[in-house]
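Take a look at the letters that make up each chain.
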Amino acid sequence: ANRTDREAGTGYTIVAGDLGKFARQTDDNSIWLLTATTPTWVAVDASKLSARVTNSAAQSIANATTTALTWDTETWDTGALHSTASNTSRITAPVTGKYFFESTARFQANSTGRRAMFIRKGGATIYGAQEQNAVPSPDETHVSVSALVDLAATEYVEVTVVQNSGGALNVEASISHLSGMFSAT
């Protein structure tokens, strides 16, 4: 809706499930958060939409199996980009725009094989990738990746990893994370 329709409550229909959702105003591209069905809208500074998520425990990664990393802890989430209850591997765009993502994973010590990490849009399209040989034990292998991704509202990214050590390896919780922030329209 445009400003006139948004302020008058016309040109759109609101249901209870819309509370907490974002909308882009068509006449000036401003972003608004719906806070009540009356309707009540609050202006949002899109430059502050960001999240950083971690996992409180190690995640086991099977040999030669691409696995989405899950995140059960939010260091911050200033725009409802992440849920700790469902689809915990995802950061979801609340509004259309370009988002910058970066992630790091630390694999447990094992000097065999390679480690790889990918930032994927919608679980499929790869926007960022990093692959490297395992480092000699007793050191852990760290893999980091970043990408600028163009997302429509409700599209998501997730980080997947794969390793070929010959057995399962943990991605350790202490340093592993995913961060994302709105960059531009």
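Calculation notes
Residues numbered from 1 in each chain as written. Predicted model: local features only at pLDDT ≥ 70, side-chain atom pairs only at ≥ 80, totals over all residues. Heavy atoms only, no water. Helix = DSSP H or I, 4+ residues; strand = E, 2+ residues; numbered from the N terminus. Buried < 20%, exposed > 50% of the residue type's maximum accessible area, 1.4 Å probe, protein only. Contact = heavy atoms within 4.5 Å. Areas by Shrake-Rupley, 256 points an atom, 1.4 Å probe, with all protein chains shown as cover. Lys, Arg positive; Asp, Glu negative; His and termini not counted. Charge placed at Lys NZ, Arg CZ, Asp CG, Glu CD. 1 Å grid on protein atoms, 1.4 Å probe; cavity = no way out; pocket = protein on both sides within 12 Å on 5 of 7 lines; lining within 4 Å. Points joined across faces, edges and corners; volume = space filled by probe spheres on them. Nonpolar A, V, L, I, M, F, W, Y, C, P; charged D, E, K, R; others polar. Pairing = 2+ DSSP bridges. Polar contact = N/O pair within 3.5 Å; in protein donor to acceptor, adjacent residues only side chain to side chain. Salt bridge = Lys/Arg side-chain N within 4 Å of Asp/Glu carboxyl O. Patch = residues over 30% accessible without salt bridge, like charges linked within 9 Å, V, L, I, M, F, W, Y side chains within 5 Å. Core = buried A, V, L, I, M, F, W, Y, C linked by side-chain atoms within 4.5 Å.

Helix and strand counts for the protein come out as one helix and 14 strands. Considered along the principal axes of its C-alpha atoms, the protein spans approximately 65 × 25 × 20 Å. The burial tally for the protein puts 37% of its 185 residues in the buried class. Taking as baseline every contact in the protein between residues at least 6 positions apart, the subset at least 24 positions apart corresponds to 66%. For the protein, the exposed surface amounts to about 8900 Å²; the carbon and sulfur share of it is 50%. Treating the 13 positive side-chain charges of the protein as one cloud and the 17 negative ones as another, the clouds have centres 3 Å apart.

What follows is about empty space enclosed by the protein. Scanning the model with the defined rule gives one cavity of 30 Å³ or more in all. In this structure, the largest cavity occupies an estimated 40 Å³ of space. Taken together, Asn55, Ala57, Gln59, Leu69, Thr70, Trp71, Val171, Glu172, Ala173 and Ser176 form the lining of the largest cavity. With four residues, strand E14 (residues 169–184) is the single largest residue contributor to the lining of the largest cavity. A breakdown of the residues in the lining of the largest cavity according to their chemical character gives five nonpolar, four polar and one charged.

Another point: the pairing of strand E11 (residues 125–133). Sheet topology note: the strand E10 (residues 114–121)/E11 ladder contains eight bridges and is antiparallel. Within E11, the residue paired with alanine 116 across the bridge is glutamate 131. Following E10, the chain reverses through three residues before pairing antiparallel with E11; glycine 122 in that reversal takes a positive phi of roughly 60 degrees.

Within the secondary structure, threonine 141 is located in strand E12 (residues 141–151). For threonine 141, a relative accessible area of 0% puts it in the buried group. Here valine 135 takes part through its backbone nitrogen, which lies 3.0 Å from a polar atom of the side chain of threonine 141. Not counting the four nearest positions on each side in its chain, threonine 141 is found in contact with Ala105, Arg106, Phe107, Arg115, Gln132, Asn133, Ala134 and Val135.

Glancing now at unusual backbone geometry. Cis geometry is adopted by the peptide bond preceding proline 138, which originates at serine 137 and carries an omega value of 15 degrees. Within the element layout of this structure, proline 138 appears in the loop between E11 and E12. Even without a glycine there, the phi angle at asparagine 87 is positive, about 45 degrees. Assignment of secondary structure puts asparagine 87 in the loop between strand E7 (73–77) and strand E8 (90–92). One non-glycine residue, threonine 154, lies in positive phi territory at about 80 degrees.

Now for the pattern of salt bridges. For the structure shown, the criterion picks out four salt bridges. We note a salt bridge from aspartate 150 to lysine 98, for which the minimum N-O separation is 3.9 Å. One end of the pair, aspartate 150, is in strand E12; the other, lysine 98, is in strand E9 (residues 97–107), and 52 residues separate them in sequence. The class of aspartate 150 is partly exposed, set by a relative accessible area of 40%.

Turning to a nonpolar patch on the surface, a few remarks are in order. A grouping of Phe100, Leu148 and Met181 is seen on the molecular surface, where their side chains present a nonpolar patch of about 270 Å² in accessible area. Counting through the fold element by element, methionine 181 comes out in strand E14.

Among the nonpolar cores identified, the biggest contains 28 residues, and Leu69, Ile91, Tyr99, Phe101, Met117 and Ile119 are the most heavily contacted of them. For this core, the secondary-structure elements that each account for two or more residues are strand E4 (50–54), E9, E10, E12, strand E13 (156–163) and E14. Apart from the residues within four sequence positions on either side, isoleucine 91 is in contact with Ala51, Val53, Leu81, Phe101, Glu155, Tyr156, Val157, Leu178, Ser179 and Gly180.

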